[in-house]
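Each chain is listed here by its residues.
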Amino acid sequence: PQTSRTLRRKDDNSLEKSLFAPIYEADFSGQEERDVAVYLDEDKALTWWYRNVAKSGQYALQGWHKDRVYPDLIFGLQRGDGTYRLVVLEMKGEHLAGNADTEYKKALLHFMSEHYRLEHFTPAGKLELAEKGGTTVECDLVLMTEWHNRLPGEFLKVENV
């Protein structure tokens, strides 16, 4: 609706690094998710980010279970040495830690990170994947209570690897 509030940075400026604009507060299920999006948007190393909306025709991973997994966030950053890093994150509330669905998603995302090799991909339809020197993909599951430490400490680092 035209009266929907857009999500804004802490300084009240519009979000700048989301792949799609505008981003509405209602696109997120809670304040913690909105806080993560604002944090990502303000990070200097981040080039872009995308809020993946589950089960609405967006990006999904097909694992060994019947249902697809729709990671919550996808973002890209450039390291200090010019290489690129793509991060795919599933965010979960602390109350879901350890349950079967969370453990399955964690295992699937870990498997994706461990087995990513650009040479394994072949173009399909109009999609073409091209490596720009040392691109890596990292997938993980982060509990909402851990994001304050894990995002800057593990996923937004730009040092040379």
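Up top is the structure these notes are about.
Calculation rules
- Position numbers for residues count from 1 along each chain, tracking the sequence in the order it is written.
- Given that the model is predicted, a residue must reach a pLDDT of at least 70 before its local features are reported, and side-chain atom pairs must reach 80 or more before they are shown or counted; all residues, however, enter totals for whole chains, interfaces and linings.
- Each side-chain value is worked out from all heavy atoms of the structure, with water and hydrogens disregarded.
- Strands are runs of DSSP state E lasting at least 2 residues, helices are runs of H or I lasting at least 4, and numbering of each runs from the N terminus.
- Throughout this description, buried means an accessible area under 20% of the type-specific maximum (1.4 Å probe, protein chains only), exposed means over 50%, and partly exposed covers the range between.
- Helices are assigned an expected span. That span is 1.5 Å times one less than the residue count.
- In what follows, a contact means two residues having at least one pair of non-hydrogen atoms within 4.5 Å.
- Any pair of nitrogen or oxygen atoms within 3.5 Å is treated as a polar contact; in protein, a donor-acceptor pairing is required on top of that, and neighbouring residues in sequence qualify only through side-chain atoms on both sides.
- What counts as a salt bridge is simple: a side-chain nitrogen of Lys or Arg found within 4 Å of a carboxyl oxygen of Asp or Glu.
- It is the directions from the helix axis to the C-beta atoms that the arc portrays.
- Here the aromatic set is Phe, Tyr and Trp, taking the six-membered ring for Trp, and pairing holds for ring centres within 6.5 Å; pairs whose planes are under 30 degrees apart are stacked, those over 60 apart are edge-to-face, and all others are tilted.

Asks: Can you help me understand the environment of Tyr84 in this one?
Replies: Positionally, Tyr84 belongs in strand β3 (residues 84–92). Looking at Tyr84, the relative accessible area reads 30%, which means it is partly exposed. When the C-alpha positions of Tyr84 and Thr135 are compared, they lie 4.6 Å apart, and in sequence the two are 51 residues distant.

Asks: Sorry if this is basic, but what is going on with helix α2 (residues 100–115) here?
Replies: Since the α-helix packs 3.6 residues into each turn, any two residues three or four apart lie on the same face. Taking 1.5 Å as the rise per residue, α2 with 16 residues should run 22 Å; its terminal C-alpha atoms sit 22 Å apart, in good agreement. Looking at the packing, one finds that the buried side of α2 touches β3 and β4 (136–143). N-capping of α2 is provided by Asn99, with a side-chain oxygen placed 3.1 Å from the backbone N of Asp101.

Asks: Sorry if this is basic, but what is going on with the environment of Val87 here?
Replies: Assignment of secondary structure puts Val87 in strand β3. Once the C-alpha coordinates of Val87 and Val137 are considered, the two residues, 50 residues apart in sequence, prove to be 5.8 Å apart. The contacts of Val87, once residues within four sequence positions are left out, are Leu73, Ile74, Phe75, Glu138 and Phe155.

Asks: Looking at this model, I keep getting lost on the pattern of salt bridges. Mind explaining?
Replies: When the charged atoms of two side chains with opposite charge come close together, those side chains can pair. A complete count under the given rule lists 15 salt bridges for this structure. Note that Lys92 and Glu90 form a salt bridge whose closest N and O atoms lie 3.4 Å from each other. Three or more residues are tied together by salt bridges with common partners; here these are Glu90, Lys92, Asp101 and Lys105.

Asks: Is there a simple way to think about helix α3 (residues 147–155) in this case?
Replies: Every buried residue of α3 is listed here: Trp147, Arg150, Leu151 and Phe155. Here the buried residues of α3 occupy an arc of 100° about the axis, which is enough to place them on one side. In α3, those exposed residues whose orientation departs by more than 90 degrees from the buried face are His148 and Asn149. For α3, the secondary structure elements touched by its buried residues are α1 (31–42), β2 (73–78), β3 and β4.

Asks: Any chance you could explain the packing of aromatic side chains here in plain terms?
Replies: For any pair of aromatic rings, the description consists of the separation of the ring centres together with the inter-plane angle of the planes. Inspection of every chain in the model, using the stated rule, returns 5 aromatic pairs. On the basis of an interplanar angle of 70° and a centroid distance of 5.6 Å, the ring pair of Phe20 and Tyr50 is categorised as edge-to-face. Here Tyr50 lies in strand β1 (residues 46–51) and Phe20 lies in the segment before α1, a separation of 30 residues in the sequence. The class for Phe20 is exposed, based on a relative accessible area of 52%. Ring centres of Tyr39 and Trp147 lie 5.4 Å apart, and the angle between their planes is 65°; this geometry places the pair in the edge-to-face category. Of the two residues, Tyr39 is situated in helix α1 and Trp147 in helix α3; the sequence distance between them amounts to 108 residues. A connected cluster of aromatic rings, assembled from ring pairs, spans Phe20, Tyr50 and Tyr59.

Such coordinate-based values are descriptive only and should not be taken to indicate function.
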